[in-house]
Structures are given as structure tokens and as C-alpha cells.
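# A look at the structure
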Amino acid sequence: MMSAIILNEKMEKASELALPESFSGINPHNLWLYVKSAQAAQRANSATAKGRSEVRGGGKKPWAQKGGGRARAGSRRSPIFVGGGKAFGPQNNRNYDLKVNKKQKKLALNFALNEHAQNGTLFVVDNIEVTSGKTKDANAMFKALNQRDVLIVKSLLDEPTFLAFENLSQTYVIESNELNAYLASNYRSIVIEKAVFEALTSEAK
């Protein structure tokens, strides 16, 4: 059974908190499906090209049908001409959305959290707050963790804490309702408030 590391106010290890047994043995394919869906949803879907019916010009037949020794041509809007329309070009009306049901989303998140616990990068603290709103204080908290980057999950995000971490590229602060498997798997470590952690684990029991 995997455990999360409980940190004290100085961001030092105090104890451990076990994850529910249901977090282990989850098929990693659930996480793969969710990450694929999340990345697909971020696609701009802006690639487009004009077909032969959308290209300007082409009203006059380029040359006579017969007698020129060349292949017949009806319009310069044809894809074989320079400046003509694109044959089977990309269109921006394509739907990239991939459906993932609620159960798979939950399994994907539980799997990601369990992987962090297995790697020793899932941390739980009573409260994450930078009352001064200064990046200097937030950076000191981050350095105390000794991690390359961190996802910080609060039950309710206050403005001073948000402003303090906003300019740190190695950190990202979210509220509990924003937590998902894609974010959890995208960061090398997670720091989560105890109230949020208990809410997540109680749902799995």
C-alpha cells in the first residue's frame, strides 16, 4: 500500500498517510485515455486550406480543348495549377473531442496520485498559504521541497497565495475542483492540502 508524505510547516517530513487500497492495481490505460482526451481538447483546430470552389478566378478556360497538344483543362482553380485549390486540404470544422466517462476520469486521477506516492512525490500539508503575497516567500517554500516542479492543490485559492506563486514557472497553484489526471501526471510532484486529500480518498473507500 502506497503512502503520501505529510509535511510540517517547514516543509519537512513529519509522517506518512496511506492511500486507499483501491488506488493500486488500476489499469494505466485509463490515464492514457484521459491525457489523450485532454491534449485533443487543447488543439486550436485552425488549420484550413481553400478548395477549388473557394479559390478566386478560373472563369475562363485556360486554353482550347483540342489542338494544343496539351492535356485538357477547364479552370485554373484546379489543384494541378499553381495558385489553384488544395485537393483534400485541412478544414477547421473537425471535431477532436474524445469522450472519457466519469469512472475513467476518476480511475485516471487515482492512478496518477498512486504513481506519485510510489515515487515519493505526493506531499500533504495542513495548509498552503503565503499571506504576504510575495514571490520571495513562495520561492522559499518551493526550495524547501527540493523538487524540480510542483503542482499545488488548495481547497480554496486566495489572492495573496496566487500572486505569490504566479511568477514561479516551476509551480502551478489550483483549487481542488481543477485537479485532474492530466495535471497530476504533468508535474513531477504534488503538494495537496490535507482537507482536499481526505476528500479524494474518502470517495474511494
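Residues numbered from 1 in each chain as written. Predicted model: local features only at pLDDT ≥ 70, side-chain atom pairs only at ≥ 80, totals over all residues. Heavy atoms only, no water.

### Here we look at the side chain of Thr-201
- Within the secondary structure, Thr-201 is located in helix H6 (residues 194–204).
- Look at Thr-201 and you get buried, because its relative accessible area is 8%.
- Here the side chain of Thr-201 touches Phe-197 through a polar contact of 2.9 Å, landing on its backbone oxygen.
- Once residues lying within four places of it in the same chain are set aside, the contact partners of Thr-201 are Pro-20 and Phe-23. (Helix = DSSP H or I, 4+ residues; strand = E, 2+ residues; numbered from the N terminus. Buried < 20%, exposed > 50% of the residue type's maximum accessible area, 1.4 Å probe, protein only. Polar contact = N/O pair within 3.5 Å; in protein donor to acceptor, adjacent residues only side chain to side chain. Contact = heavy atoms within 4.5 Å.)

### Some remarks on the nonpolar core
- One finds Leu-122, Leu-151, Val-153, Leu-179, Ile-190 and Ile-192 to be the most contacted residues of the largest nonpolar core, which totals 32 residues.
- In terms of residue count, helix H2 (residues 102–119) provides more of this core than any other element does, 6 residues in total.
- The residues contacting Leu-122, other than those within four sequence positions of it, are Ala-4, Ile-5, Leu-19, Leu-113, His-116, Ala-117, Ile-190, Ile-192 and Phe-197.
- Among the nonpolar cores identified, the runner-up in size contains 18 residues, and Leu-7, Ile-128, Val-130 and Ile-152 belong to it. (Core = buried A, V, L, I, M, F, W, Y, C linked by side-chain atoms within 4.5 Å.)

### Brief notes about helix H1 (residues 29–41)
- Taking 1.5 Å as the rise per residue, H1 with 13 residues should run 18 Å; its terminal C-alpha atoms sit 18 Å apart, in good agreement.
- Along H1, the residues classified as buried are Asn-30, Leu-31, Tyr-34, Val-35, Ser-37, Ala-38 and Ala-40.
- Next to the buried residues of H1 lie H2 and helix H5 (181–186). (Expected span 1.5 Å × (residues − 1).)

### A few points about the sheet that holds strand S4 (residues 150–154)
- The sheet built from 6 strands is open, its strands ordered S2-S1-S3-S6-S4-S5 with mixed pairing. In this open sheet, the two strands that pair with only one neighbour each are strand S2 (13–18) and strand S5 (171–175). Direction aside, the axes of adjacent strands within the sheet are offset by 25° on average.
- By the bridge criterion, 5 bridges tie S4 to S5 in an arrangement that is parallel. Its bridge partner lying in S5, Val-153 is registered against Ile-174.
- Across the sheet, H2 is in contact with strand S1 (3–7), strand S3 (122–125) and strand S6 (190–193); its angle to S3 comes to roughly 95°. (Pairing = 2+ DSSP bridges. Axes fitted to C-alpha atoms, helices over the stretch in contact; angles between N-to-C directions.)

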